[in-house]
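Structural overview for review
This is what each chain is made of:
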Amino acid sequence: KMVTQAAKRMQKTIEEAYLDLLEKESFRAVTVTQIAQVALINRQTFYHHYQDKYDLTDRMTAAVFIRVRELIEVRLAQLKRGESVDDFFSFLNSPATQRLLTPALRRRVTALYTIQYDQLSLSQRIHDYVAANLQDLLAPGAPELVSDLLATLLTQVLRTVFERGEFPTPAEIRALKAAFARLLN
């Protein structure tokens, strides 16, 4: 089904209204009526584009996940080529990554990270993708627990980067490594 430019603009208007509401209220509290009111449309217009707020959330999450996955894929390819894990945070500071970290995307990621209503949350999608791909990078036979914990850490780091709009400083990276070393010893 081909989407017209007018339909794309309307979907963007609806999405922006939804994000405005999510900045003030929880996912459970937001209603389609509220979204329509903030978007200055009627409910029928909303339902012409989306089935319900879950459909809206799922589509926004899928679109954001594609953008974040691109970032992760580049980094995973570097790791597969043997580049150091220590360079992960310097990778986050790369111009390519910084271009991805637009205010609009930051706003979407930050809002969508707060929504947890099923297994398809943005956080869960990112975590599962990273965990599956990390398993290939770890030593053969490494326990799934290791990739799961590393994926959790990287998912949280990405969340923090999007929420803060800035990357970890070298001092924060050193503190994180030191805390992990103390925890594991």
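As shown above, the structure is provided for reference.
Just so we're clear, the structure is a prediction, and the values are computed from it rather than from any experiment.

How each quantity is defined
- The residue numbering used here restarts from 1 in each chain and proceeds along that chain's sequence as written.
- Restriction of local features to residues with pLDDT of at least 70 applies here, the model being predicted, together with a cutoff of 80 or more for giving and counting side-chain atom pairs; totals for whole chains, interfaces and linings are based on all residues.
- Side-chain measures here rest on the full set of heavy atoms in the structure, leaving out hydrogens and waters.
- Under the DSSP-based scheme used, a helix requires at least four consecutive residues in state H or I and a strand at least two consecutive residues in state E, with every element numbered from the N terminus.
- For this analysis, a polar contact is any N or O atom pair within 3.5 Å, provided that within protein one partner can donate a hydrogen and the other can accept it, and provided that sequence-adjacent residues contribute only side-chain to side-chain pairs.
- We call two residues in contact when some of their heavy atoms are within 4.5 Å.
- Helix axes are fitted only over the stretch in contact, all axes being lines through C-alpha atoms; the angle between N-to-C directions runs from 0 to 180 degrees.
- Here the angle decides the label: under 35 degrees means roughly parallel, over 145 means roughly antiparallel, 65 to 115 means roughly perpendicular, and every other value means oblique.
- Rotating anticlockwise by less than a right angle from the far helix to the near helix defines a left-handed crossing, while the corresponding clockwise rotation defines a right-handed one.
- Throughout, the ten residues Ala, Val, Leu, Ile, Met, Phe, Trp, Tyr, Cys and Pro are labelled nonpolar, Asp, Glu, Lys and Arg are labelled charged, and all others, Gly among them, are labelled polar.
- Accessible area is worked out with a 1.4 Å probe on protein chains only. A residue is then buried under 20% of its type maximum, exposed over 50%, and partly exposed in between.

1. What about the side chain of Ser-147?
- The topology assignment puts Ser-147 in helix 9 (residues 144-164).
- There is a polar contact of 3.0 Å between the side chain of Ser-147 and the backbone oxygen of Glu-144.
- In this structure, Ser-147 is in contact with Ala-131, Leu-134, Gln-135 and Leu-138, ignoring residues within four places of it in sequence.

2. Some details on the packing of helix 4 (residues 53-80) against helix 8 (residues 122-137)
- Contact geometry for helix 4 and helix 8: axes closest at 9 Å, N-to-C directions at 20 degrees. When the axes of helix 4 and helix 8 are compared, the pair comes out roughly parallel. The crossing of helix 4 and helix 8 is right-handed. Packed against helix 4, whose contacting residues are Asp-58, Thr-61, Ala-62, Val-64, Phe-65, Val-68, Arg-69, Ile-72, Glu-73, Leu-76, Leu-79 and Lys-80, the element helix 8 presents Leu-122, Arg-125, Ile-126, Tyr-129, Val-130, Asn-133, Leu-134, Asp-136 and Leu-137 at the interface.
- Considered class by class, the residues forming the contact of helix 4 with helix 8 number 13 nonpolar, 2 polar and 6 charged.

3. Topic: the environment of Gln-44
- By secondary structure assignment, the location of Gln-44 is in helix 3 (residues 43-49).
- Gln-44 sits in the exposed class, given a relative accessible area of 59%.
- In this structure the C-alpha to C-alpha distance between Gln-44 and Thr-33, which are 11 residues apart in sequence, comes to 10.0 Å.

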